[in-house]
Amino acid sequence: MFRAFGKVFSNTGYLLLFLWVSGKVYILSVLFPNFSFIKAVFASSAPIEKKAIILASLTANIGANNSLFSIVIIIAISVLFAVNFAMIVFMIRKNRSAVYDKGKGNLLGISGGLITGALGIGCAACGSLILTPVAISIGATGILAALPYGGTEFGFLGIGLFMVSIYSLSKKINDPAVCPID
């Protein structure tokens, strides 16, 4: 796995892509629960500088609205999503057919990691960011309440799926794109 990381992240472009994507996922994960508040702030007549300060403080004060579990999940998913994304871009550029022909499981794992990771992001007070509103709309809040961590388990499941996907991508990056000669 480390050899694949070396191949991908020794290139400055992929390292910058990783940093950019992880930053975007982190910011979206932190700001999305406050979407209605952000919308109200930007609809107000406050100067743009004040609006920017509020936005920056929401992003920087992740601990104010999140439990330790949620913070770990947000950061881990942001990092793992970005690693996964950079490795996928590397694979596609290296050999397009390796991703689409042999890597159908990779794409499924990537999607599974993204979906379950997104389901697990949220605060301890209101539960999962995406899962709770969906569960409420179908009447499944009792199921979420029965879970020991109120839906945070989906974040850990997403982390696990991302790790499996990264491992699988690492193996494909290290393997030659041609059939072995007998």
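Here the structure is a predicted model, which means the values were calculated and not measured. (Residues numbered from 1 in each chain as written. Predicted model: local features only at pLDDT ≥ 70, side-chain atom pairs only at ≥ 80, totals over all residues. Heavy atoms only, no water.)

## Some thoughts on the environment of Ile 88
For clarity, the cut-off: Only DSSP runs of H or I with at least four residues qualify as helices, and only runs of E with at least two residues qualify as strands; both kinds are numbered from the N terminus onward. Buried, partly exposed and exposed residues are distinguished by accessible area as a fraction of the type maximum, computed with a 1.4 Å probe on protein chains only: under 20%, between the cut-offs, and over 50%, respectively.
Tracing the chain through its elements places Ile 88 in helix α6 (residues 68-94). Judged by its relative accessible area of 15%, Ile 88 falls in the buried class. Spatially, the C-alpha atom of Ile 88 lies 9.5 Å from that of Ile 173, the residues being 85 residues apart in sequence.

## Examining the nonpolar core
Across soluble globular proteins, nonpolar side chains show a tendency to be buried alongside one another. For clarity, the threshold we go by: Only buried residues count toward a nonpolar core, which is a set of Ala, Val, Leu, Ile, Met, Phe, Trp, Tyr and Cys residues joined through side-chain atoms within 4.5 Å. Two residues form a contact once any of their heavy atoms are found within 4.5 Å.
Core analysis: the largest hydrophobic core is formed by 23 residues, its most contacted members being Val 8, Phe 9, Val 83, Met 87 and Ile 173. For this core, the elements supplying multiple residues, two or more each, are α1 (2-9), α2 (12-31), α6 and α11 (153-174). Residue contributions to this core peak at eleven residues, all from α6. The contact partners of Phe 9, leaving out residues within four places of it in the chain, are Tyr 14, Leu 15, Phe 18, Val 83 and Ala 86.

## Observations regarding the packing of α1 against α6
Our working rule: To get an axis, fit a line to the C-alpha atoms, keeping to the stretch in contact for a helix; angles then go from 0 to 180 degrees between the N-to-C directions. Orientation categories follow fixed angle ranges, with anything under 35 degrees roughly parallel, anything over 145 roughly antiparallel, 65 to 115 roughly perpendicular, and all other angles oblique. Amino acids outside the nonpolar list (Ala, Val, Leu, Ile, Met, Phe, Trp, Tyr, Cys, Pro) and the charged list (Asp, Glu, Lys, Arg) are all regarded as polar, and Gly is one of them.
Two elements in contact, α1 and α6, have axes whose closest approach is 10 Å; the angle formed by their N-to-C orientations is 75°. By the angle between their directions, the pair α1 and α6 is classed as roughly perpendicular. In this structure, α1 uses Ala 4, Phe 5, Lys 7, Val 8 and Phe 9 to contact α6, whose residues at the interface are Val 83, Ala 86, Met 87 and Phe 90. Classifying every residue of the contact of α1 with α6 by side-chain character gives eight nonpolar, no polar and one charged.

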